[in-house]
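What follows is the residue order along each chain.
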Amino acid sequence: MCDDVGRSERTKRRPEYRDLAADLVDRLPRPRSPERVPAVGRIARLYRIPVPTAEFVRRAAVTLLRRPPWLLPQPPGSVAWLGVAADLRERIEARSLRGRIPGRRALAEAYGVSFDVVNQAVEALIEQHLLVVRPGSPGTYVNEERP
């Protein structure tokens, strides 16, 4: 009976190689990029793990680095929609995003997050008067008349 309880707790935790991958990404010099992830042998020596596990660690680290910055491991209490909103705000202020913005489902796919995350980010930008919804016109637009 005790063995079953221990086993169920282990299955709830995320795999150890992901923790090692997050630690490896944290150790990389900036700017971080997938090309800077060390070779499998070096990872195996660094963490004193078998080579097959080091291969998983390397793949997970490369995957983490390919994700948008707001999907990297973040401190507790951080919220994904804040990252999406921040990126959209930067693009609006840099004038690289103008007129009608892509649909929320398309944004969700592009950012690799759920529709609800994008919806919350867009709603926040509407409240900040960076985006507007025009009556009688489909879609959401960049507010060109903002202060």
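Structure: see above.
Figured I'd write up the structure that's included with this text. (Residues numbered from 1 in each chain as written. Predicted model: local features only at pLDDT ≥ 70, side-chain atom pairs only at ≥ 80, totals over all residues. Heavy atoms only, no water.)

Here we take up the overall build of the protein. A tally of regular secondary structure across the protein gives 7 helices and 2 strands. Mapped in sequence order, the helices and strands of the protein form the string α-α-α-α-α-α-α-β-β. Taken across its 147 residues, the protein has 33% of its residues classed as buried. Summed over all atoms, the accessible surface of the protein reaches about 10,000 Å², with 52% contributed by carbon and sulfur. (Helix = DSSP H or I, 4+ residues; strand = E, 2+ residues; numbered from the N terminus. Buried < 20%, exposed > 50% of the residue type's maximum accessible area, 1.4 Å probe, protein only. Areas by Shrake-Rupley, 256 points an atom, 1.4 Å probe, with all protein chains shown as cover.)

Another point: the packing of aromatic side chains. Within the structure shown, the criterion is met by 1 aromatic pair. Their ring planes at 40 degrees and their centres at 5.4 Å tell us that tyrosine 17 and phenylalanine 56 sit as a pair that is tilted. On the criterion of sequence distance, the pair formed by tyrosine 17 in helix α2 (residues 16–27) and phenylalanine 56 in helix α4 (residues 51–66) is long-range, its members being 39 residues apart. According to the relative accessible area criterion, tyrosine 17 is partly exposed, its value standing at 24%. According to the relative accessible area criterion, phenylalanine 56 is partly exposed, its value standing at 43%. Note that arginine 59 overlies the ring of phenylalanine 56, its terminal NZ or CZ placed 5.5 Å from the centroid. Its end group placed over the ring of phenylalanine 115, arginine 105 keeps NZ or CZ at 4.4 Å from the ring centre. (Phe/Tyr/Trp six-rings, centres within 6.5 Å; stacked < 30°, edge-to-face > 60°. Lys NZ or Arg CZ within 6 Å of the ring centre and 35° of its normal.)

For helix α5 (residues 80–93), built from 14 residues, the straight-helix expectation of 20 Å at 1.5 Å per residue is met to within 8% by its first-to-last C-alpha distance of 20 Å. Those residues of α5 that fall on the buried side of the exposure criterion are Trp81, Gly83, Val84, Ala85, Leu88 and Ile92. At its buried positions, α5 is contacted by α6 (104–111), α7 (115–127), β1 (131–132) and β2 (141–142). (Expected span 1.5 Å × (residues − 1). Contact = heavy atoms within 4.5 Å.)

We now examine the environment of glutamate 145. Mapped onto the elements, glutamate 145 comes out in the segment after β2. Take glutamate 145: its relative accessible area is 74%, and that puts it in the exposed class.

With their axes 8 Å apart at the nearest point, α6 and α7 run at an angle of 115 degrees to one another. Considered as vectors, α6 and α7 are oriented roughly perpendicular to each other. Crossing hand, α6 versus α7: right-handed. In this structure, α6 contributes Arg104, Arg105, Leu107 and Ala108 to the contact, and α7 contributes Phe115, Val118, Asn119, Val122, Glu123 and Ile126. (Axes fitted to C-alpha atoms, helices over the stretch in contact; angles between N-to-C directions. Parallel < 35°, antiparallel > 145°, perpendicular 65-115°, else oblique. Left-handed = near helix turned anticlockwise from the far one by under 90°.)

What follows covers the side chain of arginine 104. Within the secondary structure, arginine 104 is located in helix α6. Filtering out sequence-adjacent residues up to four positions away, arginine 104 remains in contact with Phe115, Val118, Asn119, Val122, Glu123, Ile126 and Thr140.

Ranked by size, the top nonpolar core spans 20 residues in total, and within it Val84, Leu88, Ile101, Leu107, Val122 and Leu131 carry the most contacts. The set of elements that each furnish at least two residues to this core consists of α5, α6 and α7. Discounting chain neighbours no more than four positions away, the residues touching leucine 107 are Leu88, Ile101, Pro102, Val118 and Val122. (Core = buried A, V, L, I, M, F, W, Y, C linked by side-chain atoms within 4.5 Å.)

Turning our eyes to something else, we now look at α7. For an α-helix, 3.6 residues make a turn, and residues three or four places apart therefore share a direction. For α7, which comprises 13 residues, the first-to-last C-alpha distance of 18 Å matches the rise-based estimate of 18 Å (1.5 Å per residue) to within 8%. Of all the positions in α7, only Val117, Val118, Ala121, Val122, Ala124 and Leu125 are classed as buried. The buried residues of α7 occupy an angular sector of 155 degrees when the element is viewed end-on, so they sit on one face. Of the exposed residues in α7, the ones pointing more than 90 degrees away from its buried face are Asp116 and Glu127. Lining the buried residues of α7 we find α5, α6 and β1. (Arc of directions from axis to C-beta.)

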